[in-house]
Amino acid sequence: MYTTEQYEGIIAETITINGTGGDAIHTYLARPMGPGPFPAVVLAHHLPGWDELYREFTRKLAHHGYLAISPDLYCREAHGTPEDVAAAVRADGGVSDDQVIGDLEAAAKYIRSLPSSNGKVGIFGTCSGGRHVFLAGCRLDCFDAIVECWGGNVIMSDDQLTDKQPVSPNSYTKDLNAPLLGLFGDLDQSPTPEQVNQHEEELKAAGKDIEFHRYPEAGHGFFYFDRPIYHQSSAVDGWSKMLTFLGKKLA
Amino acid sequence: MCTMICERAEMEGSAKGRDGWFPLEMANVSYDHPFNAPWEYGLNIDFVNQSQGVGSRVAVELSPQSAKRLAETIMEALKRGEADPQIKVSIL
């Protein structure tokens, strides 16, 4: 817990890491000053892009004592304002799951290699990033905790599958290999409450270590304080639940 | 974003973006989260010329009802214009 007499300092900057296929991709890194050891969190940004909001989330996690790293998952596609880049990615059907998974793995590997790491790495994502972190938790073994926030299209019908998203993420449920915290708004339309129910039931049936929290007055993206969909009490409680979860699982 | 519903159509014409007019190449029409409009989902139209970079974009984000009204209005204006024998579309 932060108290006012404590010294605090963070360093935040854009760096470059080698992602999928060895490609150089821009990455935002925020870390507490000092030798550590600190736990770490990889952030998978939402489909609106590698934007200011995700930089703020990254710095917020560093403020709370985490090495925090947010790769630009659209770095190969284009550069411009986050909205212009995201609009181009949207028109192109998103980015491929394989590419994103490789980039998230590279970010985890990089941050675990820092001398101030305690060796534990979690992953957090919202919207399409929520979907990506669930996929990462199933397909990779480098994460010690997963925070999935309102992941859309975790459950996909056959007609939604594409070359870039060829498999419905819930097909991998049995492979999830880290504890998972899920935060969802009951007013959300993607995922719908019914889809969240199904997701939770499948995880429980597979015997996974999960903790789901549902917010009756929240819709999609209720952490997004720059948008009308922000829901204050749900967001405050969600952040609290998330920091408690990460504190336990990454100690 | 989360729906991944996007239709694309090649375009001829011009659009005025933040750096002035540019030749149109494509219209991308998505039913997904808007960036700015205050709904969870909207009908988003991006008029773009990607060959000039992602910044060559004119964006509108509409409610579904507004989008339908726009489509009907376009069709009505086209109907009147194409019915008028005095009007010929040609490159000047």
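Residues numbered from 1 in each chain as written. Chains lettered and ligands numbered in written order. Predicted model: local features only at pLDDT ≥ 70, side-chain atom pairs only at ≥ 80, totals over all residues. Heavy atoms only, no water.

Visitor: What exactly am I supposed to notice about the overall build of chain B here?
Guide: In terms of helices and strands, chain B carries one helix and six strands. Helices and strands in chain B line up, N terminus first, as β-β-β-β-β-β-α. When the backbone C-alpha atoms are referred to their principal axes, chain B occupies close to 45 × 30 × 20 Å. Residues counted as buried form 35% of the 92 residues belonging to chain B. In chain B, the share of contacts with a sequence separation of at least 24, taken over all contacts with a separation of at least 6, comes to 33%. Surface exposure of chain B reaches about 6,200 Å², of which carbon and sulfur atoms provide 57%. One way to put it: in chain B the 9 positive side-chain charges average out to a point 6 Å from where the 13 negative ones average out. (Helix = DSSP H or I, 4+ residues; strand = E, 2+ residues; numbered from the N terminus. Buried < 20%, exposed > 50% of the residue type's maximum accessible area, 1.4 Å probe, protein only. Contact = heavy atoms within 4.5 Å. Areas by Shrake-Rupley, 256 points an atom, 1.4 Å probe, with all protein chains shown as cover. Lys, Arg positive; Asp, Glu negative; His and termini not counted. Charge placed at Lys NZ, Arg CZ, Asp CG, Glu CD.)

Visitor: What exactly am I supposed to notice about the sheet that holds strand 5 (residues 42–48) of chain B here?
Guide: One key point about sheets: their strands pair by backbone hydrogen bonds, in either a parallel or an antiparallel sense. All names here are of chain B. Pairing is antiparallel across the open sheet formed by four strands, whose spatial order is 1-4-5-6. The outermost strands of the open sheet, each flanked by one partner alone, are strand 1 (5–10) and strand 6 (57–62). Averaged over all neighbouring strand pairs, the angle between strand axes comes to 15 degrees, with direction disregarded. Both strand 1 and strand 4 (residues 26–32) contribute to a ladder of six bridges, which runs antiparallel. Bridge pairing links Glu7 to Val29 in strand 4. In the packing of helix 1 (residues 64–83) onto the sheet, contacts are made with strand 4, strand 5 and strand 6, and the angle to strand 6 comes to roughly 115 degrees. (Pairing = 2+ DSSP bridges. Axes fitted to C-alpha atoms, helices over the stretch in contact; angles between N-to-C directions.)

Visitor: In this structure, what is going on with the sheet that holds strand 8 (residues 210–215) of chain A? I would like to understand it.
Guide: Residue and element names in this part refer to chain A. A sheet is described by the order of its strands in space; here eight strands give the open sequence 1-2-4-3-5-6-7-8, paired in mixed fashion. For this open sheet the edge positions go to strand 1 (10–18) and strand 8, each flanked by a neighbour on one side alone. Each strand axis lies, on average, 20 degrees off the axis of its neighbour in the sheet, ignoring direction. Of the strand pairs in this sheet, strand 7 (residues 180–185) and strand 8 are connected by six bridges, and their pairing is parallel. Counterpart to Gly182 in the pairing with strand 8 is Phe212.

Visitor: Even after reading the chapter, I still don't get the pattern of salt bridges, so can you show me in this structure?
Guide: Side chains carrying opposite charge are able to pair once their charged atoms draw close together. Under the defined criterion, the tally for this structure stands at 17 salt bridges over all chains. Across the pair Arg8 of chain B and Asp92 of chain A runs a salt bridge whose closest N-O atoms are separated by 3.8 Å. One end of the pair, Arg8 of chain B, is in strand 1; the other, Asp92 of chain A, is in the loop between helix 2 (82–91) and helix 3 (97–112), on a second chain. Among the ionic pairs, Lys204 of chain A bridges to Glu200 of chain A, the shortest N-O distance being 3.5 Å. Of this pair, Lys204 of chain A and Glu200 of chain A both sit in helix 5 (residues 193–205), four residues apart, roughly one helical turn. A single network of salt bridges, built from pairs that share partners, joins Asp84 and Arg90 of chain A together with Arg18, Asp46 and Arg57 of chain B. (Salt bridge = Lys/Arg side-chain N within 4 Å of Asp/Glu carboxyl O.)

Visitor: Is there a simple way to explain the interface of chain B and chain A in this structure?
Guide: By a frequent convention, interface size equals the accessible area lost on bringing the separate parts together. Each partner contributes to the interface: chain B provides 25 residues, whereas chain A provides 29 residues. On inspection of chain B and its partner chain A, the count reaches four salt bridges. For the salt bridge of Arg18 of chain B with Asp84 of chain A, the shortest nitrogen-to-oxygen distance reads 3.1 Å. Counting every contact that joins chain B to chain A gives eleven residue pairs in polar contact (both at pLDDT 80 or more). At the level of elements, strand 1, strand 4 and strand 5 of chain B are the ones that each hand at least two residues to the side of chain B that touches chain A. A per-element tally of the side of chain B that touches chain A places strand 4 of chain B first, with three residues. (Polar contact = N/O pair within 3.5 Å; in protein donor to acceptor, adjacent residues only side chain to side chain.)

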